[in-house]
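Secondary and tertiary structure notes
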Amino acid sequence: MAKNDVKLIGAWPSPFVLRARIALNVKSVEYEFLQETMEPKSELLLKSNPVHKKIPVLLHNDKPICESLIIVEYIDEAWASGPSILPSDPYERAIARFWAAYIDEKWFPAMKGILGAQDDEARMAAVGQVTEGLVLLEEAFQKISRGKSFFGGDHIGYLDIAFGGFLAWIRVTEGMGGIKLLNETKTPGLLKWAEKFAADPAVKEVLPETQKLAEFSKIIIAKLRAAAAAKAK
């Protein structure tokens, strides 16, 4: 597959874009990364994703595929190269999709709550929610991985990509808040998983640097807090 046949519209700090990049790397697919500035949104993005107008968008032979987890599944189905991303067993696929949905619908909003908190009380409440979610994910990891390195077993799979897209943001949140979200006490399995995930060849070249992301996060935090303040009025 020629590189110009596969393009990814995205932005380097986005955890959702990172999912698509890792999936492409797992499958050893060459692609062109089109950095989206978002302000203003490019004509290509608006044309490719007119419904949500969001990144990431995968362009495969000029056909757009939107939404990060849908893109990951598409990549797994479209390219036979490399290991399978989704489990082959129907029940295991369903469980992986369940936890991926939990991450996006329940856990990630709490993560945003830490960064956007207006005061210590709101921040600690969000930290509590995130921690509770990580304990649930720790339990899921122990069951799903069956003692192996990843949710996907011996190699990175669907749920590793779904959760791992947020790893750099977890590290930034820990550094800025002086907290340890992943730790030996409550999430020992995920702590070891994070080290192995970050070191994997499919991940390490595209995982954002923590310091660089921390600088960028200041912009995001300002926007989140402004939105929270406006909502409180």
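What comes next is a walk through the structure.

Thresholds applied
Residues numbered from 1 in each chain as written. Predicted model: local features only at pLDDT ≥ 70, side-chain atom pairs only at ≥ 80, totals over all residues. Heavy atoms only, no water. Helix = DSSP H or I, 4+ residues; strand = E, 2+ residues; numbered from the N terminus. Buried < 20%, exposed > 50% of the residue type's maximum accessible area, 1.4 Å probe, protein only. Salt bridge = Lys/Arg side-chain N within 4 Å of Asp/Glu carboxyl O. Expected span 1.5 Å × (residues − 1). Polar contact = N/O pair within 3.5 Å; in protein donor to acceptor, adjacent residues only side chain to side chain. Contact = heavy atoms within 4.5 Å. Phe/Tyr/Trp six-rings, centres within 6.5 Å; stacked < 30°, edge-to-face > 60°. Lys NZ or Arg CZ within 6 Å of the ring centre and 35° of its normal. Bend = angle between axes of the 7 residues up to and from the residue. Pairing = 2+ DSSP bridges. Axes fitted to C-alpha atoms, helices over the stretch in contact; angles between N-to-C directions.

**So, the side chain of Thr187**
Inspection of the secondary structure assignment puts Thr187 in the loop between α7 (167–177) and α8 (188–199). Classification of Thr187 as buried rests on a relative accessible area of 1%.

**A closer look at the pattern of salt bridges**
Evaluated as defined, the whole model comprises 8 salt bridges. A salt bridge links Lys27 to Asp76, with the nearest nitrogen and oxygen atoms 3.1 Å apart. Here Lys27, found in the loop between α1 (15–26) and β2 (32–35), pairs with Asp76, found in helix α3 (residues 68–78); they are 49 residues apart in sequence, far enough to count as distant. Both residues of the pair, Lys27 and Asp76, count as buried. The residue Arg146 makes a salt bridge to Glu92 at a minimum N-O spacing of 2.9 Å. Here Arg146 is found in the loop between α5 (120–145) and α6 (158–164), whereas its partner Glu92 is found in helix α4 (residues 90–116), with 54 residues between them in sequence. The exposure class assigned to Arg146 is exposed, which follows from its relative accessible area of 60%.

**Description of α1**
In a regular helix each residue adds 1.5 Å, so 12 residues correspond to 16 Å; α1 covers 16 Å between its end C-alpha atoms and thus fits that length. Counted residue by residue, α1 has 10 buried out of 12 residues, so it is predominantly covered. For α1, the full list of buried residues reads Pro15, Val17, Leu18, Arg19, Ala20, Arg21, Ile22, Ala23, Leu24 and Val26. Measuring from the side-chain oxygen of the N-cap residue of α1 to the backbone nitrogen of Phe16 gives 3.2 Å; that N-cap residue is Ser14. Just downstream of α1, Ser28 is the residue with a positive phi angle, here 55 degrees.

**What about unusual backbone geometry?**
The peptide bond linking Glu39 to Pro40 adopts the cis configuration, its omega dihedral lying at 0 degrees. Tracing the sequence through the fold places Pro40 in the loop between β2 and α2 (43–48). In the segment running from Ile55 into Pro56, the intervening peptide bond is cis, with an omega of 5 degrees. By the secondary structure assignment, Pro56 is in the loop between α2 and β3 (57–60). Phi is positive for Met38, close to 75 degrees, though the residue is something other than glycine. Accessibility expressed as a relative area gives 28% for Met38, which makes it partly exposed. Positioned with a positive phi, Glu67 is a non-glycine residue whose angle comes to about 75 degrees.

**Concerning the environment of Phe150**
With respect to the helices and strands, Phe150 occurs in the loop between α5 and α6. Taking the C-alpha atoms as reference points, Phe150 and Asp104, separated by 46 residues in sequence, lie 19 Å from one another. Setting aside chain neighbours within four positions, we find Phe150 in contact with Phe141, Ser145, His155, Ile156, Asp160, Trp193, Lys196, Phe197 and Asp200.

**Quick look at the packing of aromatic side chains**
Counted by the stated rule, this structure contains 13 aromatic pairs. Judged by centre distance (5.0 Å) and plane angle (25 degrees), the rings of Trp193 and Phe197 are stacked. Of this pair, Trp193 and Phe197 are both found in helix α8, 4 residues apart, which corresponds to roughly one turn of the helix. For the pair shown, Trp193 and Phe197 are each scored as buried. The residue whose ring lies beneath Arg21 is Phe33, and the NZ or CZ to ring-centre distance is 4.0 Å. A cation over an aromatic ring shows up here: Lys212 above the ring of Trp12, its NZ or CZ 4.4 Å from the ring centre.

**What to know about α4**
Compared with an ideal rise of 1.5 Å per residue, which puts 27 residues at 39 Å, α4 spans 38 Å between its outermost C-alpha atoms and is within 8% of the ideal. Its maximal kink placed at Trp107, α4 deviates by approximately 40 degrees, while the proline Pro109 follows within four residues. Capping the start of α4, Asp89 holds a side-chain oxygen 3.0 Å from the backbone nitrogen of Tyr91, two or three residues further along.

**Things to note about the sheet that holds β2**
The strand order β2-β1-β3-β4 describes an open sheet built from 4 strands, whose pairing is mixed. Across the chains shown, the open sheet's two edge strands, defined by having one partner strand only, are β2 and β4 (63–66). Sheet twist, expressed as the mean angle between neighbouring strand axes with direction ignored, is 25 degrees. Taken together, the 4 bridges between strand β1 (residues 6–10) and β3 define a ladder with antiparallel strand orientation. Residue Leu8 lies in a different strand from β3, and its bridge partner there is Leu58.

Note that every value here comes from positions in space, so none of it alone points to a role or purpose.
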